[in-house]
Amino acid sequence: MASGYLDLLRTRHAARLLAGTLVGRLPNATGHIAIVLFVRAEGGSYSLAGALAAVYGIATAVGQPLLGRAVDLRGQPRVMLPAALLSGLGMAAFALVGIDALPLAYAAVAMAGVFTPPLEGGLRALWPSVLGRSERVHAAYALDAVAQEVMFTVGPLLVTLVVSLWSAGAALLVINVIGVVGALSVVVSEPSRAWRSAAREAHWLGALRSPGLLALLGSFFFVGLALGSITVAGVAYADDHGRESVYGWLMAALGLGALVGGALYGARQWAGVPERRLRILVGLLALGYLPLALTPGVVAMCLLAVVSGLFLAPSLACAFIVVDRHAPVGTVTEAFSWLVTTFGVGAALGTGVAGPAVEVGGTAWGFVVAGAGGVAALLVLVATSRVLAVPGRGTGTGGASESDRNGAAEHGFSAGHQA
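From a predicted model like this one, the values you see are computed outputs, not experimental measurements.

Novice: Would you take a moment to explain the nonpolar core for this structure?
Specialist: For soluble globular proteins, the rule of thumb is that nonpolar side chains tend to be buried together. Counting residues in each nonpolar core, the largest one holds 108 residues, and the members touching the most others are Ile35, Phe94, Trp127, Phe220 and Leu278. Residue contributions to this core peak at 12 residues, all from helix α11 (residues 211–240). When sequence neighbours within four positions are dropped, the list of residues in contact with Trp127 reads Ala14, Leu18, Gly132, Val137, Ala140, Tyr141 and Asp144.

Novice: I keep staring at the packing of aromatic side chains and nothing clicks. Help me out?
Specialist: The geometry of an aromatic ring pair is captured by two quantities: the separation of the ring centres and the angle between the planes. Summed over the entire model, instances satisfying the criterion amount to four aromatic pairs. Ring centres 5.2 Å apart and planes at 80° place the aromatic pair Phe221 and Phe222 in the edge-to-face group. The exposure class assigned to Phe222 is partly exposed, which follows from its relative accessible area of 27%. Taken together, a centroid distance of 5.2 Å and an interplanar angle of 20° make the contact between Tyr265 and Trp270 stacked.

Novice: How should I be thinking about unusual backbone geometry in this particular structure?
Specialist: Most of the time, phi is negative for any residue but glycine, and the peptide bond is trans. Positive phi, normally seen in glycine, also occurs at His13, with a value near 80°. Locating His13 in the fold gives a position in the loop between α1 (2–10) and α2 (14–24). Residue class for His13 comes out partly exposed when judged on its relative accessible area of 21%. In this structure, Thr295 takes a positive phi of about 40° despite not being glycine. Looking at the secondary structure, you find Thr295 in the loop between α13 (274–289) and α14 (298–309).

Novice: What exactly am I supposed to notice about α13 here?
Specialist: Two residues of an α-helix separated by three or four positions point the same way, owing to the 3.6 residues in each turn. Taking 1.5 Å as the rise per residue, α13 with 16 residues should run 22 Å; its terminal C-alpha atoms sit 22 Å apart, in good agreement. What α13 keeps buried is the set Pro274, Glu275, Arg277, Leu278, Leu281, Val282, Gly283, Leu285, Ala286, Gly288 and Tyr289. The inward-facing, buried residues of α13 abut α11, α12 (245–266), α14, α15 (312–326), α17 (363–383) and α18 (385–389).

Novice: Sorry if this is basic, but what is going on with the environment of Val109 here?
Specialist: Topologically, Val109 is positioned in helix α6 (residues 102–114). Overall, the relative accessible area of 0% leaves Val109 in the buried class. As for Val109 and His32, which are separated by 77 residues in sequence, their C-alpha atoms are 9.9 Å apart.

Novice: Whenever I open this one, the side chain of Thr341 confuses me. Can you help?
Specialist: Relative to the helices and strands, Thr341 is located in helix α16 (residues 332–361). Given a relative accessible area of 8%, Thr341 falls into the buried group. With sequence-adjacent residues up to four places away left out, Thr341 is seen in contact with Thr60, Ala61, Gln64 and Pro65.

Novice: Would you take a moment to explain α11 for this structure?
Specialist: In this model α11 runs 44 Å from its N-terminal to its C-terminal C-alpha over 30 residues, within 8% of the 44 Å that 1.5 Å per residue would give. Looking at the residues trailing α11, positive phi occurs at Gly242, about 70°.

Novice: Mind showing me how you'd approach the environment of Phe221 here?
Specialist: The residue Phe221 is located in helix α11 in this model. Since its relative accessible area comes to 21%, Phe221 is described here as partly exposed. Note: C-alpha distance between Phe221 and Gly373 (152 residues apart in sequence) is 8.6 Å. The contacts of Phe221, once residues within four sequence positions are left out, are Thr342, Val345, Gly346 and Leu349.

Novice: How should the confidence of the model for the protein chain be read in this particular structure?
Specialist: Detail in the predicted coordinates should be disregarded across regions flagged by low pLDDT. Per-chain confidence: the protein chain averages 82 in pLDDT, with 89% of residues scoring 70 or above. Within the protein chain, strand β2 (residues 417–418) has the poorest average pLDDT of any element, 39, and α17 the best, 95. Confidence over residues 393–419 falls short of pLDDT 50; this stretch has 74 contacts with residues more than four positions distant or in other chains.

Novice: Would you mind going over a nonpolar patch on the surface with me for this structure?
Specialist: Together, Ile280, Leu284, Leu287, Leu290, Val375 and Leu379 line one region of the surface with nonpolar side chains, adding up to about 520 Å² of accessible area. Mapped onto the nonpolar patch, the elements with two or more residues apiece are α13 and α17. Looking at the nonpolar patch element by element, the count peaks at three residues for α13. Looking at where Leu290 falls in the secondary structure, it is placed in the loop between α13 and α14.

Novice: Would you mind going over the pattern of salt bridges with me for this structure?
Specialist: Any two side chains of opposite charge can pair, on the condition that their charged atoms come close. In this structure the tally under the stated criterion is four salt bridges. A salt bridge links Glu190 to Arg12; its shortest N-O distance comes to 3.3 Å. Here Glu190 is found in helix α10 (residues 190–194), whereas its partner Arg12 is found in the loop between α1 and α2, with 178 residues between them in sequence. The partly exposed category is assigned to Glu190, whose relative accessible area is 39%. Exposure remark for Arg12: the relative accessible area of 58% places this residue in the exposed category.

Novice: Explain the packing of α11 against α16 here, please?
Specialist: Each pair of packed helices gets described by two things: the angle between the helix axes and the distance between those axes. Relative orientation of the contacting elements α11 and α16 amounts to 40°, with a least axis distance of 6 Å. Taken together, α11 and α16 sit at an angle that is classed as oblique. The handedness of the crossing between α11 and α16 comes out as right-handed. Looking at the contact of α11 with α16 residue by residue, the classes come out as 18 nonpolar, nine polar and no charged.

Rules behind the numbers
- Residues numbered from 1 in each chain as written.
- Predicted model: local features only at pLDDT ≥ 70, side-chain atom pairs only at ≥ 80, totals over all residues.
- Heavy atoms only, no water.
- Core = buried A, V, L, I, M, F, W, Y, C linked by side-chain atoms within 4.5 Å.
- Buried < 20%, exposed > 50% of the residue type's maximum accessible area, 1.4 Å probe, protein only.
- Helix = DSSP H or I, 4+ residues; strand = E, 2+ residues; numbered from the N terminus.
- Contact = heavy atoms within 4.5 Å.
- Phe/Tyr/Trp six-rings, centres within 6.5 Å; stacked < 30°, edge-to-face > 60°.
- Expected span 1.5 Å × (residues − 1).
- pLDDT = per-residue confidence, 0-100.
- Patch = residues over 30% accessible without salt bridge, like charges linked within 9 Å, V, L, I, M, F, W, Y side chains within 5 Å.
- Areas by Shrake-Rupley, 256 points an atom, 1.4 Å probe, with all protein chains shown as cover.
- Salt bridge = Lys/Arg side-chain N within 4 Å of Asp/Glu carboxyl O.
- Axes fitted to C-alpha atoms, helices over the stretch in contact; angles between N-to-C directions.
- Parallel < 35°, antiparallel > 145°, perpendicular 65-115°, else oblique.
- Left-handed = near helix turned anticlockwise from the far one by under 90°.
- Nonpolar A, V, L, I, M, F, W, Y, C, P; charged D, E, K, R; others polar.

Spelled out as structure tokens, the structure:
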């Protein structure tokens, strides 16, 4: 298993692109945490901190597909580097202005969010041209999902370390400087500079004109909702047990499950249609969320959290393949960005729903929301199985990918081509 991933990373450009993308996404992974810590350090209320963090999240959700479409039209360097610089400047302005001038603070945070570069979608568009064979791309998607779990675990620790060593304002600046460096590393690379999206049909809906993509987005909205609700329910569970550290153990257990599941999933080749496999994976994901509502003792709860996380990274990795199969020609970066956006919006709603659920019915009901989200995600995939069964017209399903010069990749890889 490890040798397969090492083989991927030894491929020219692969390690650099993966590392650069992860580092470049540090602001996105930690921005909301850094904002909350900064507002509190400035004497602001939790309500103000939450409002500013929400503006950042919403602005990011709005900006990702728009910038993704721009990347498909203009190429990666011409969009991603200016976007990263503008996003960093927005957060720097927020650190400078503080919360004394609230309209400026909100504007700065919104600017930072809107211009967050779509590095995640951009990387997935590059994998076919860098790795070639479809089974290697599938493994890279799994490795990508696993690496994200590491980033979302390590990133908050980095923020809190910078805050403890310097200040909350310094944390805002440091994570965004690191983010710009990561984006720069990606866009000056040969694959990023050479990549061009396939010619696209002009349409105001862009990637959203694909029924299969819409079905997938509907499902992963509910996956995001489930994860968002777990973050709130986990806090309530920790409060019930009188130890804040319990929350950290629960989140670590979820991350561990995702790491193990993603590593195992990407270590082998999978036969069959990915849409059918995705239904199975999401079904197992939902099945893993349901027992969390039992809220047993801490040790048992952590074990359940590991199990519930096992199928998250595999579901995401398989979803990346399905996105590529259903994205209309010339829209793959935008399509991947829509998946990121929908997932994030679902997570935000999950946090909003789980709070009242916990207040009304107790901690268990917060985890019930997670289970319901997982079941809803599965039901969407089942209800739209006919739509998902046929890859979108014009997605390259009739031949090899344009990025696959040797014809080695499976049908459906249409991420782009080399100039």
